[in-house]
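A closer look at the structure
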Amino acid sequence: MIPRGPAVGQSGRVDRVERAARGGAEATVTPTTRRRDARRSRERLLAAAAELFAERGYAGTSLRAVAERAGVDAALVARYYGGKDGLYRAVLAADPVVSPVVDESDEGHEADDEARRRAADELAGLLARMVDRWENGPATTVGQNVFRCDLDDAAAAATAERVGERVLPLLRAAAEPPGGPDSELRAELATVVLLGIGVARTAGTLPALAAADPEELGVYARALLDTVLGRR
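Residues numbered from 1 in each chain as written. Predicted model: local features only at pLDDT ≥ 70, side-chain atom pairs only at ≥ 80, totals over all residues. Heavy atoms only, no water.

1. A word on the overall build of the protein
Per the secondary structure count, the protein includes 12 helices and zero strands. Sequence-ordered secondary structure for the protein, helices as α and strands as β, is α-α-α-α-α-α-α-α-α-α-α-α. Across the 232 residues that make up the protein, the buried fraction comes to 41%. Look at the contacts in the protein between residues 6 or more apart in sequence, and 68% of them connect residues 24 or more apart. (Helix = DSSP H or I, 4+ residues; strand = E, 2+ residues; numbered from the N terminus. Buried < 20%, exposed > 50% of the residue type's maximum accessible area, 1.4 Å probe, protein only. Contact = heavy atoms within 4.5 Å.)

What follows is the structure, given as structure tokens:
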């Protein structure tokens with residue numbers, strides 16, 4: 001069960017922790033100060049959790065470790081995110097690469113040419129975010145989860161939901177022809193291409209891939225995507 005919030009005693013302790021972090025229990029507290037500090041604490045927790053979930057996976061990441069890396073009290077996880085499940089879903093939702101790209105409810109109302117142009121633009125945007133990630137950071141939690149065999153049911157379901165909402169609709173829309181034979185399989189194969197490059201670079205087990213220039217990888221990745229999606 002995901003906790004709905006801290007106990008009364010816990011809430012008081014969290015308030016004291018936050019006051020102490022601002023310079024002592026006697027510091028003047030205003031509603032604006034509370035909101036600002038709460039936002040900073042949430043941001044620190046989210047950033048620390050994203051790093052640890054990517055490094056250690058869901059099962060290997062403890063809330064204590066997240067709080068320690070964030071430099072905040074562990075009780076704040078329950079207060080802001082409801083527990084580990086809630087924090088994990090927040091990390092998936094904040095993924096810097098996987099973001100909302102296609103509203104499938106609008107597809108039937110667009111002219112064919114406009115729908116194709118939009119899908120091509122969205123695919124280019126997703127690839128650009130991937131290239132930036134290959135250059136500036138490890139594979140994200142979502143990317144790594146697609147290839148993990150050790151996910152528990154909750155983490156696997158959350159990842160499948162995220163990819164199903166944010167990646168597969170874009171790739172289905174970019175395929176030629178949209179909705180053609182094996183469109184779902186082709187969309188999933190394209191997902192493997194996009195996410196797998198980042199995972200392999202993070203692992204470092206393929207040295208040429210790990211050392212390759214991200215922009216050059218982007219050119220190869222685009223050619224692979226166009227082939228898989230029938231765009232060439």
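2. Points about unusual backbone geometry
Residue Pro-177 is bonded to the preceding Glu-176 through a cis peptide linkage, with omega at -10°. Following the sequence through the fold, Pro-177 ends up in the loop between helix H9 (168-174) and helix H10 (183-203).

3. Describing a nonpolar patch on the surface
Nonpolar side chains collect at one region of the surface, where Val-146, Phe-147 and Val-192 lie side by side and expose about 210 Å² of accessible area between them. Within the secondary structure, Phe-147 sits in helix H7 (residues 141-147). (Patch = residues over 30% accessible without salt bridge, like charges linked within 9 Å, V, L, I, M, F, W, Y side chains within 5 Å. Areas by Shrake-Rupley, 256 points an atom, 1.4 Å probe, with all protein chains shown as cover. Salt bridge = Lys/Arg side-chain N within 4 Å of Asp/Glu carboxyl O.)

4. Quick word on the packing of helix H5 (residues 84-93) against helix H8 (residues 153-166)
Axis angle and axis distance: for two packed helices, these are the angle between their axes and the distance between the axes, and together they describe the pair. Look at H5 against H8: their axes get within 10 Å of each other, and the N-to-C directions meet at 25°. On the basis of their axis angle, the class for H5 and H8 is roughly parallel. Regarding H5 and H8, the two cross each other, and that crossing is right-handed. For the pair formed by H5 and H8, the contact residues are Asp-85, Tyr-88, Arg-89, Leu-92 and Ala-93 on the first element and Ala-154, Ala-155, Ala-158, Thr-159, Glu-161 and Arg-162 on the second. Within the contact of H5 with H8, the residues separate by chemical class into six nonpolar, one polar and four charged. (Axes fitted to C-alpha atoms, helices over the stretch in contact; angles between N-to-C directions. Parallel < 35°, antiparallel > 145°, perpendicular 65-115°, else oblique. Left-handed = near helix turned anticlockwise from the far one by under 90°. Nonpolar A, V, L, I, M, F, W, Y, C, P; charged D, E, K, R; others polar.)

5. Let's talk about the side chain of Asp-95
Tracing the sequence through the fold places Asp-95 in the loop between H5 and helix H6 (112-136). For the buried residue Asp-95, which engages in no salt bridge, the nearest side chain bearing the opposite charge is Arg-133, 6.9 Å off. Looking at Asp-95, its side chain comes within polar contact range of the main-chain nitrogen of Val-97, at 2.7 Å. What Asp-95 contacts, discounting residues up to four positions off in sequence, is Thr-140, Thr-141 and Val-142. (Lys, Arg positive; Asp, Glu negative; His and termini not counted. Polar contact = N/O pair within 3.5 Å; in protein donor to acceptor, adjacent residues only side chain to side chain.)

6. A look at the confidence of the model for the protein
Per-residue confidence for the protein gives a mean pLDDT of 81, with 80% of residues at or over 70. Every residue in residues 1-11 scores below 50 in pLDDT, and together they form 10 contacts with partners more than four places removed in sequence or on other chains. (pLDDT = per-residue confidence, 0-100.)

7. Side note on the pattern of salt bridges
Scanning the entire structure with this criterion turns up 11 salt bridges. A salt bridge links Arg-69 to Glu-55; its shortest N-O distance comes to 3.1 Å. Linking Arg-69 in helix H3 (residues 63-70) with Glu-55 in helix H2 (residues 31-56), this pair joins segments that are 14 residues apart in sequence. With relative accessibility at 38%, the residue Arg-69 sits in the partly exposed group.

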